[in-house]
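Results of the structural survey
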Amino acid sequence: MTSRLLGHVNLGRAVLALGMCGAAGGTLVAGLVMPFVGGAGLAARSAASTLTYLPTPLREEPLPEVTRLLDRNGHQIAQFYYQNRQSVPLSAVAPVMRQAIVAIEDARFYEHGGLDLKGTLRAFVTNTRAGGIRQGGSSISQQLVKNIMLTQAESEQERAQALVRSFRRKLDELRYALALERKYTKDQILERYLNIAYFGAGAFGVQAAAKRFFGVDAASLTLTQAATLAGAVRTPYDTDPSLGDEHRDRLRTRRDLVLGRMAELGMIGKDAARTATAEPLELHLSPEPGGCAGSAHPFFCVYVEREVLTNPAFGYSRADRERRLQRGGLTIWTTIDPVAQRAAERAIAARVRPRDNQVASETMIEPGTGHIRAMAVSKHYGRNPHDRDLGPSTTYNLAADTAHGGGLGLQAGSTFKVFTLATALKQGMRFGDGFSIPGAYVPSYGYRDCSGKAVNDPNTVIHNAGGEGGGGPLSLEMGTWQSVNIFYMRLEREVGLCDVVQTAKSLGIKRADGTPLHEVPTFTLGANEMDPTTVAAAYAAFAARGRYCRPMAVTAVVERDGTRTETPPACVTALEPAVADAVSHVLTGVFTKGTMRGQSIDRPVAGKTGTNNGYTSAWFAGYTPALAAAVSVGDIRGSYRYPLTGVTIGGRYYGAVQGASLPGPIWVDSMRAALRDTPAYGFVPPDMARFGGGFTPGLKEALEKQRKKEKKKREAERDKHDDGDSASASAQDATDGAANGGEAASGSARTSPLAGGGRTTPPAPRAAPAAAPLNRSTTARSTTARSTTARSSTARSTRGTPVSTGAHTAARGSSPRAPLRRGAGSAPASRTGWASLAPPRAAPPAARPAVRAAKTQRAAPGRVTAERAKAGHATAGAKARRAAVRRETAQHSTAQHSTARHSAAQHSTARHGTPRHGTPRHGTPVPPRRSHAGAAGSGHRQGRSTSAARSARPSGSGRRPGAAAGKSRRASHGGRPDRPHR
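Below or above, wherever it landed, is the structure these notes cover. (Residues numbered from 1 in each chain as written. Predicted model: local features only at pLDDT ≥ 70, side-chain atom pairs only at ≥ 80, totals over all residues. Heavy atoms only, no water.)

Before going further, it helps to examine the packing of helix 13 (residues 245-264) against helix 14 (residues 270-278). Where helix 13 contacts helix 14, the axes come no closer than 9 Å and their chain directions differ by 175°. It follows that helix 13 is roughly antiparallel to helix 14 by the angle criterion. Judged by residue contacts, Arg252, Arg255, Asp256, Leu259 and Ala263 of helix 13 engage Lys270, Ala273, Ala276, Thr277 and Ala278 from helix 14. Split by residue class, the contact of helix 13 with helix 14 holds five nonpolar, one polar and four charged. (Axes fitted to C-alpha atoms, helices over the stretch in contact; angles between N-to-C directions. Helix = DSSP H or I, 4+ residues; strand = E, 2+ residues; numbered from the N terminus. Parallel < 35°, antiparallel > 145°, perpendicular 65-115°, else oblique. Contact = heavy atoms within 4.5 Å. Nonpolar A, V, L, I, M, F, W, Y, C, P; charged D, E, K, R; others polar.)

Structure follows, in structure tokens:
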């Protein structure tokens, strides 16, 4: 019917009909413009004059492109986009792709000047006969104008105006197309069109479409692939292959149409077209997720996203920053280290499962730069099924504060004691300084916040380790290693609450919810809610010798034009280097003598546990010179409503989760793996002239009283049990050897004890012990008795020997906290210092042969052996032998005594690489230091295994691995955690 109409009307009427049908059928703009021209003869001659006054070409803003996040090695970890697009030059597009798009959209593209009347008529007739769209009506220039208008639309209303079908819009579109033809060459217009067009499946531009549909670059497209993409441009939503088989069938039909058109135009042969038409689509849809949900490291991605959206460096307003992130085509280099990230993720996943209500979070930060190397959470990132609140996923970045997508945080517990420790050392307190504390403490006076307001709390009672009571004198180190609440409450009062708060603030401490810090008496006990990133950054400052650096996730930003902007670390000197070194020196003892005893990472480490009142949360924060990390554990349903008691986490049951029972092992495993390729460096030794030589009134007497009490207990034990010296020696050698091996494996030998003045050299190979005597029994009781016998013997041999405090070396003895004594030429005895306050240790393996030899000489070996054979290890015979040994020991010569001590010194040399004796600062020789082996259960809290303590300790597989580690924890904390009041 249309052909008969065209045969009976003049050309002007035909053009008018064309315009009317074009409006109805959605064909080209040229038909809609013709009514304004008004005649067939005038159409060709007057089109240019009608549009003589062309507008200025459309303002072309940069196309929205993908912003990519890269890890520190340059590998992509996430991407953000408003439109998934990556612009490429025309030379980076396969020639067959250029031919395919021209063939199906604008066959006369290189011949017309923006308005193709002949092509318009042909498209109209072809589409009318086919009953659908088979050829494009608008020129590529006109389509480019339309896409520019759509891309620049900022709202749905603007998008609707760009899509509305009206004569006015079509006329404007045509005029702008003619203006573009004057401004650009044909290839430039084609390049812009290929980069702006939408191909479906979320792919904007030919490069993104080639990646999305086939997983290849635009330069590598084949004939069938190019024809597929060219066919998708006209109806990208109807042919979206990601929406199902029906859409894929329509896409294949469009592909075959393009192939036929290319053959018709002579771009390819008919045989090639038939062959390509017979092929399947062969789609390889590659996911191109946007945002952090599709990131390999989503929680770190959220941190970076929030950093960009809140940082004025990325734009004047949040809208500007969001537009730049999603449209700017930036390349953002981040700080994340894949090795450290995997280490944190695996350490957490090994102990906490995503479906657990309890959640663990960890952040690792590089000292001296603030670079965030890892950020991990035990749950998956995203929404739970049916948008439930609880489940294996969360959208909160629980490792960060609320400003970076996190939650409200968890009370930091005793990790805050380090700020009081730093303040005390800054104000002049020395190693060994301390005071006596009561069994309970009420902060009723002496606390003022930084505004000068009294914030005392006479209604609060502070207890130690779950309210055991006790009290007595404690030094600075003892109070830290054992995490004594009352000691630190009293210390905070002495140095000033505001001073402690200011120290914490200088190290970047702020509440996770962004509100001001709560300046209350229990500030030192961690009453404020924190996030692991903030705590890790503060601890990293101690590793960096007082240099605090703001947590940093972005190191450089590269614009789409290649301009690169580096982001330097934001650091300040928060503490004197000497003060930071002294803090690190004390915190190393947490691993060797305190709450983390038995856990280490085979290199010098320092840190602090934190367990909150009522077990509402548990923490561990620690560092090496190369890396710092903080781990928190709490219940996602609410830490106060759901304490960490009687819980099963990761398939393990915990009677109560403490800082050393779950966060500590996560920290140890993650740090060991993260640093496996990093050299082990030691901390800078403290300035002993400034920090050595402290004094705690009454501590010497308290330790002596404790020593006598333990001595009586050991003697009563010996009288009660017949242990058999030879048999117990064999069992004790095996036990001490295992303990020594465990201590060496933990890395404690590399961490300088206070007695060593900060030595950080690796230990030398251990000397092999001498051959074991014959006739050894293997009973457990014999082992225990032998241990106490060896300790008491060593105590007798060293009693009364002065030890210089110049090098802060501990005097030896059976007391769990041995005092230091100044030698001749030093200060008066009233300034007795207390440096190394470790529990007593059994004689080292290298020293035992000499000690046993001395005992054998004193006890007349032949006669004693005969008596043993006759008595058959009877109780009476054992008592007689011990009495004989004691009598002969009293008559032991000085030379024999020196031989035993020299053997112990040889063991110390073999173990530590250098002798533990020599000429210290004050010129008095320092006797050799005893080994620390086998003392896990002999601390001053030995025997406090009450029913309450047993119920508070984790049970079953939830306990920390290793018997020695478990004993150490009980000895140092009485089986209970720190108890700060909220």
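So, about the nonpolar core. Tyr623 and Trp667 are the most contacted members of the largest nonpolar core, which totals 131 residues. Examining the composition of this core, we find that nine residues originate from one element, helix 22 (residues 532-543), more than from any other. Those residues in contact with Tyr623 that lie beyond four places of it in its chain are Tyr539, Phe542, Ala543, Val583, Ser584, Leu587, Pro604, Val605, Ala606, Ala628, Trp667 and Phe683. By size, the runner-up hydrophobic cluster in this structure holds 55 residues, among which are Ile101, Leu144, Ala227 and Val258. (Core = buried A, V, L, I, M, F, W, Y, C linked by side-chain atoms within 4.5 Å. Buried < 20%, exposed > 50% of the residue type's maximum accessible area, 1.4 Å probe, protein only.)

Okay, the packing of aromatic side chains next. What the rule picks out here adds up to 17 aromatic pairs. For the pair Tyr198 and Tyr237, a centre-to-centre distance of 5.4 Å together with 40° between the ring planes defines the contact as tilted. Taken together, the positions of Tyr198 in strand 3 (residues 198-200) and Tyr237 in the loop between helix 12 (223-234) and helix 13 put the pair 39 residues apart, joining distant regions of the chain. Residue class for Tyr237 comes out exposed when judged on its relative accessible area of 56%. Ring geometry for Phe591 versus Trp667: centroids 5.8 Å apart, planes at 40°, classification tilted. Of this pair, Phe591 sits in helix 23 (residues 577-592) while Trp667 sits in helix 24 (residues 663-674), and the two are 76 residues apart along the sequence. Of the two residues, Phe591 and Trp667, both sit in the buried class. Each member of the aromatic cluster is reached from another via a ring pair, and the members are Tyr539, Phe542, Tyr623 and Phe683. In this arrangement the basic side chain of Lys186 is found over the ring face of Phe109, its NZ or CZ atom lying 4.6 Å from the centre. Over the ring of Phe435 we find Arg490; its NZ or CZ atom is 4.5 Å from the centre of that ring. (Phe/Tyr/Trp six-rings, centres within 6.5 Å; stacked < 30°, edge-to-face > 60°. Lys NZ or Arg CZ within 6 Å of the ring centre and 35° of its normal.)

What follows deals with the pairing of strand 2 (residues 76-80). Burial of strand 2 is extensive: four of the five residues sit out of reach of the surface. Here strand 1 (residues 67-70) runs beside strand 2; their pairing, made up of four bridges, is antiparallel. When the sheet's bridge partners are listed, Thr67 is paired in strand 2 with Phe80. Following strand 1, the chain reverses through five residues before pairing antiparallel with strand 2; Gly74 in that reversal takes a positive phi of roughly 95°. (Pairing = 2+ DSSP bridges.)

Applying the stated criterion across every chain yields a total of three disulfides. Disulfide pairing places Cys292 opposite Cys301 at an S-S distance of 2.1 Å. Torsion about the S-S bond of the Cys292 and Cys301 cystine: about -80°, corresponding to left-handed handedness. A residue is classified by how much of its surface remains accessible, and Cys292, at 4% relative accessible area, is buried. Note that Cys450 is cross-linked by a disulfide to Cys498, the S-S spacing being 2.2 Å. Taking the sign of the torsion about the S-S bond as the criterion, the disulfide between Cys450 and Cys498, at about 110°, is right-handed. Of the two residues, Cys450 sits in the loop between strand 12 (440-441) and strand 13 (462-463) while Cys498 sits in helix 21 (residues 497-506), which places them 48 residues apart along the sequence. Classification of Cys450 by relative accessible area gives partly exposed; the value is 31%. (Disulfide = S-S within 2.5 Å.)

On the basis of which strands lie adjacent, the open sheet formed by five strands has the order 2-1-5-17-18 and mixed pairing. Only two strands of the sheet have a single partner each, and these edge strands are strand 2 and strand 18 (564-566). For this sheet, the mean angle separating the axes of adjacent strands, direction not counted, is 20°. Pairing geometry for strand 1 and strand 5 (residues 331-334), over three bridges, is parallel. Bridge assignment links Leu70 to a residue of strand 5, and that residue is Trp333. Helix 15 (residues 298-310) contacts strand 1, strand 2, strand 5 and strand 17 (554-558) of the sheet and is inclined by roughly 45° relative to strand 2.

This next bit is on the environment of Arg690. Among the structural elements, Arg690 can be located in helix 25 (residues 688-691). Judged by relative accessible area, which is 28%, Arg690 ranks as partly exposed. Taking the C-alpha atoms as reference points, Arg690 and Leu425, 265 residues apart in sequence, are found 9.6 Å from one another. Apart from residues lying up to four places away in sequence, Arg690 is in contact with Leu425, Lys426, Arg430, Glu576, Ala578 and Val579.

Positionally, Ala100 belongs in helix 5 (residues 95-105). Of the residues examined, Ala100 reaches a relative accessible area of 0% and is grouped as buried. Once the C-alpha coordinates of Ala100 and Met267 are considered, the two residues, 167 residues apart in sequence, prove to be 8.6 Å apart. With residues near it in sequence (within four places) discarded, Ala100 still touches Ala226, Ala227, Ala230, Val258 and Met262.

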